[in-house]
Amino acid sequence: MIKILKLIMATALMSVGVKAQPFLLKSGAEAKPFLMNIYYGTGGKGAYVKYLGQQGVIPLRLKSRKTQGETPAVQLTYVWEEVLDGKVTGTYQLSEQANQVSAALYIRNKDQKRFKLEQVKKPEADAEKAGYLLHGALISFSKGMDDRLTFRYPDKLIKTARLPGFDSPDPQRKGTIADYNFDGYDDVALSIPDAGMGVYRTFTIYLYNPVSKRFEQLAEPQDSRAKCAGFCDVTLDQKNKRFITACRGGASWWTNVYQYQSRNQLVWLSSRKVAK
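Attention in this report is confined to the structure presented alongside it. The shown structure was predicted, so the numbers you read here are calculated from the model rather than taken from an experiment.

So, how was this worked out
- Residues numbered from 1 in each chain as written.
- Predicted model: local features only at pLDDT ≥ 70, side-chain atom pairs only at ≥ 80, totals over all residues.
- Heavy atoms only, no water.
- Pairing = 2+ DSSP bridges.
- Helix = DSSP H or I, 4+ residues; strand = E, 2+ residues; numbered from the N terminus.
- Axes fitted to C-alpha atoms, helices over the stretch in contact; angles between N-to-C directions.
- Buried < 20%, exposed > 50% of the residue type's maximum accessible area, 1.4 Å probe, protein only.
- Contact = heavy atoms within 4.5 Å.

**Side note on the sheet that holds strand β14 (residues 187-193)**
Judged by pairing direction, the sheet is antiparallel, and its four strands sit side by side in the order β13-β14-β15-β16 without closing on themselves. The sheet terminates laterally at β13 (174-178) and β16 (214-217), the two strands that pair on one side only. Direction aside, neighbouring strands of the sheet carry axes that sit 25° apart on average. As paired elements, β13 and β14 share five bridges and run antiparallel to each other. Within β14, the residue paired with A178 across the bridge is D187.

**Focus on the sheet that holds strand β2 (residues 35-39)**
Within the closed barrel, the eight strands sit side by side as β1-β2-β3-β4-β5-β6-β7-β8. Their pairing is antiparallel. Adjacent strand axes in the sheet meet at a mean angle of 30°, parallel and antiparallel pairs treated alike. Of the strand pairs in this sheet, strand β7 (residues 100-108) and strand β8 (residues 114-120) are connected by four bridges, and their pairing is antiparallel. When the sheet's bridge partners are listed, A104 is paired in β8 with L117.

**Some points on the side chain of T204**
Positionally, T204 belongs in strand β15 (residues 201-209). Judged by its relative accessible area of 10%, T204 falls in the buried class. In this structure T204 touches L163, P164, V188, A189, L190 and Q217, once residues within four positions along its chain are discounted.

**Quick look at the pairing of β16**
As judged from the four bridges shared by β15 and β16, these two strands associate in the antiparallel manner. When the sheet's bridge partners are listed, L207 is paired in β16 with E216. The turn linking β15 back onto β16 is made up of four residues, and K213 within it adopts a positive phi angle of 60°.

**Quick word on the pairing of β2**
Most of β2 is tucked away: four of the five residues are buried. Where strand β1 (residues 23-27) lies against β2, four bridges are found, and the strand directions are antiparallel. Note that in β2 the partner of F23 across the bridge is I38.

**Re the environment of T71**
Tracing the backbone through its elements, the reader meets T71 in the loop between β4 (58-68) and β5 (75-84). Taking relative accessible area as the criterion, T71 reaches 64% and is therefore assigned exposed. Through-space distance from the C-alpha of T71 to that of A98 is 9.6 Å; in sequence the pair is 27 residues apart.

Right under this line is the structure:
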């Protein structure tokens, strides 16, 4: 059991690793080159592109994801379909390695013209911006000190929230897309280093409600038997539909296991000391 929990925790830390995207890409040998930002989240989900000089965004539908090589030289290759008005109008291919674009290509459907894309260094302020397009909602946040979180819904409603601020020497906010309540719909989480030694990450999680078509913050359980307060180093046991947190309490590391009583209510099941 301890070995399994260690593996789960290691996988979680890898999944929220620092990413350099959104990437700024430029077309190569065109008479009139164009620039675009490409945004995506965990496993290539939540992707979209925004062309510089244009107001709207273009949704990207994940077609495939391939992993090659071994850590730390892993190369990830994504293929997305560009979708406009319900029609596939093009295909984007992007390979990244060590948080840099190693190859990128856009294929236009109407004439199969291929546009080679190259990464361009982003201005420092723009490099802090991040976002996802999930269930039609445009989710925007900063990887740095700005604590604003914005949801722009398809019906034009805009909702904003404040995320926890930093008290850490490594102010790096990370986003993760996953089905946190096992209902078949992807949700979004934002995490920051803990306020102490920065040895784990604390999460703020927003669940997607398919009925209201809105994102709602997951309530933190209030159970005195739990060894970790709040959401620390969150991992998911998909097979058993368990929600797991892990943190250090005193000189020991603990995992806490929860299950859902309703779509937005977690119930404590157990706490276990983990050898480190």
